[in-house]
Amino acid sequence: MGFARTCSVALVGVEGVVVEVQADLEPGVAAFTLVGLPDKSLTESRDRVRAAVVNSGGEWPQKKLTVGLSPASVPKGGSGFDLAVACAVLGAAERIDPRVLADIVMIGELGLDGRVRPVLGVLPAVLAAADAGYEQVVVPECTAAEAALVPGVSVLGVRSLRQLIAVLTDEPVPEEEPDEPGRPDPMLAGLCVPGTGVGTGLGGALDDTHGLDLADVVGQASARTAVEVAAAGAHHLFLQGPPGAGKTMLAERLPAILPRLTREESLEVTAVHSVAGMLPPGRPLVDIAPYCAPHHSATMQSLVGGGKGIARPGAVSLAHRGVLFLDEAPEFSSQTLDSLRQPLESGHVVIARSAGVVRLPARFLMVLAANPCPCGRHTLLGDGCECPASVIRRYQARLSGPLLDRVDLKVQVEPVTRSELAGYGARGESTQTVADRVLTARERAAARLAGTGWRTNSEVPGHALRTRWPAALGALDAAEVDLERGFLTARGLDRVLRVAWTVADLAGHDRPDAQDVALALQLRTGISRGVPMTIGAPT
């Protein structure tokens, strides 16, 4: 009887569970049994592994073979277990020393010719292996750079099963024939999920978004200030105005003024994109804020996550640490929009399915854009709106009060005038100028919040703001009056205070004063408080 074991990783959402792959050979009729709650794609590994071993020069054992995946209670799926299953079988057949395999984590799909193909979710899988104490990981060669992002782990990238067998048995490593120059690499097909390309606002569009300049936006001084405050404090933003006023242009330029992601944030974002199959080719680490702009026909599952079996990340998770832009927000279904309430507050999504409960990260900056009415001309002077009052009320009511109460900044985007389009006024500040101010404000907030676990002003609870970091004496008088009159809720008052701290950080104040709170109220309610809607240099 032969027995061998090695390890692989099962992904549950964006978290991994180390799975022990055991192979047992017994005398009897040749058969291959796979146990341990595998799904259809994992059950098919029996044929892939057998063909890969034979085509790699190995001998398939003609005995009763049982492969067990432990713990058996965890659902397992995908083709990433192929490499571990093949090596466990070869270890049980004594082609490889079983002692060598015991402490190695193997991740990869096998082609019928023995090539090791990449799979999704390599980074979170290696992170799970490192957390479990494993120090050696074997992955496909084209994902070795992604796996090497995890510190303290020795990564071996292999191109074929033959190479791995040679490494584990101390034999000369065979050279694999290089791909012909100019031919597409079929191995990269495993790193991309169909339907996750440019149309999602991610991938290649990510770099294009960061190449846009805020100076291209004509006029809109108030909206530009709101975008700057939103970036500095990670506050949610609602832009309302007629078509063609520049709402989409402002939203597309928002990611470029956000600071680059820290190392920890980059690993979080890269893990989500790796599972979703959205990592740009040749870029194993996402270090800039992602941008996701789903169409208004998106379903609730595509927005918050879901799908068959174990839930997959949705748009809110793909926008983690970045921007989620919902253009034509009233056109989204009310149920879909209201599903955003929980992630807006908690920064994560908990999805319960029959296959298990998945917790996905979802701390994003949401930007809503909407027209004032279905025809878009409700507030335009000199152009009549053809929408009945009941239609306008119904259209605007699609954005529920509880959802809008979670939005910190509400700005009316005015139509662009002819003189502004002709360039008679001063040109607005560039992306780099605003980004420098935003970075300085973020650094001030980070120094103040050091040791608390919070990173931006939008994350700080209202109680902590009122007790640990109080505003200047009398600064909140106007906000408290609005609370008593019913113009603000208790949550709204906390959000005004958070925005006031962001305004103070941008202005270089030690704490918010009455003018900072007045500007925060103006941004929150849209009602003029007699303060200029500019921060820094005038536009």
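Residues numbered from 1 in each chain as written. Predicted model: local features only at pLDDT ≥ 70, side-chain atom pairs only at ≥ 80, totals over all residues. Heavy atoms only, no water.

(A) The overall build of the protein, seen in detail. Helices and strands together make up the secondary structure of the protein, namely 23 helices and 16 strands. Each principal axis of the C-alpha distribution contributes one length, and for the protein these read about 85 × 50 × 40 Å. Looking at the protein as a whole, 51% of its 539 residues qualify as buried. Approximately 23400 Å² of the protein is accessible, and the part contributed by carbon and sulfur atoms is 52%. (Helix = DSSP H or I, 4+ residues; strand = E, 2+ residues; numbered from the N terminus. Buried < 20%, exposed > 50% of the residue type's maximum accessible area, 1.4 Å probe, protein only. Areas by Shrake-Rupley, 256 points an atom, 1.4 Å probe, with all protein chains shown as cover.)

(B) Seen up close, the nonpolar core. With 58 residues, the main nonpolar core has Leu 237, Val 367 and Leu 523 as its most contacted residues. At eight residues, the largest contribution of residues to this core is made by helix 22 (residues 490-507). (Core = buried A, V, L, I, M, F, W, Y, C linked by side-chain atoms within 4.5 Å.)

(C) Representation of the pairing of strand 8 (residues 136-140) in the model. Most of strand 8 is tucked away: four of the five residues are buried. Sheet analysis places strand 5 (residues 104-106) next to strand 8, joined by three bridges and oriented parallel. What sits directly across from Met 106, in strand 8, is Val 138. (Pairing = 2+ DSSP bridges.)

(D) Spatial organisation of the sheet that holds strand 11 (residues 291-292). Across the sheet, which stays open at both edges, the five strands sit in the order 11-12-15-10-16 with parallel pairing between neighbours. With one partner strand each, in any of the chains shown, strand 11 and strand 16 (409-412) form the two edges of the open sheet. Pairing of strand 11 with strand 12 (residues 323-326) involves two bridges; the strand directions are parallel. Bridge pairing in strand 12 links Tyr 291 to Val 323.

(E) Spatial organisation of helix 5 (residues 122-131). Most of helix 5 sits out of view: seven of its ten residues are buried. What helix 5 keeps buried is the set Val 122, Leu 123, Pro 124, Ala 125, Val 126, Ala 128 and Ala 129. Taken from the residues just after helix 5, Gly 133 is the one with a positive phi, measuring 100°.

As far as function goes, none of this settles anything; it's purely spatial.
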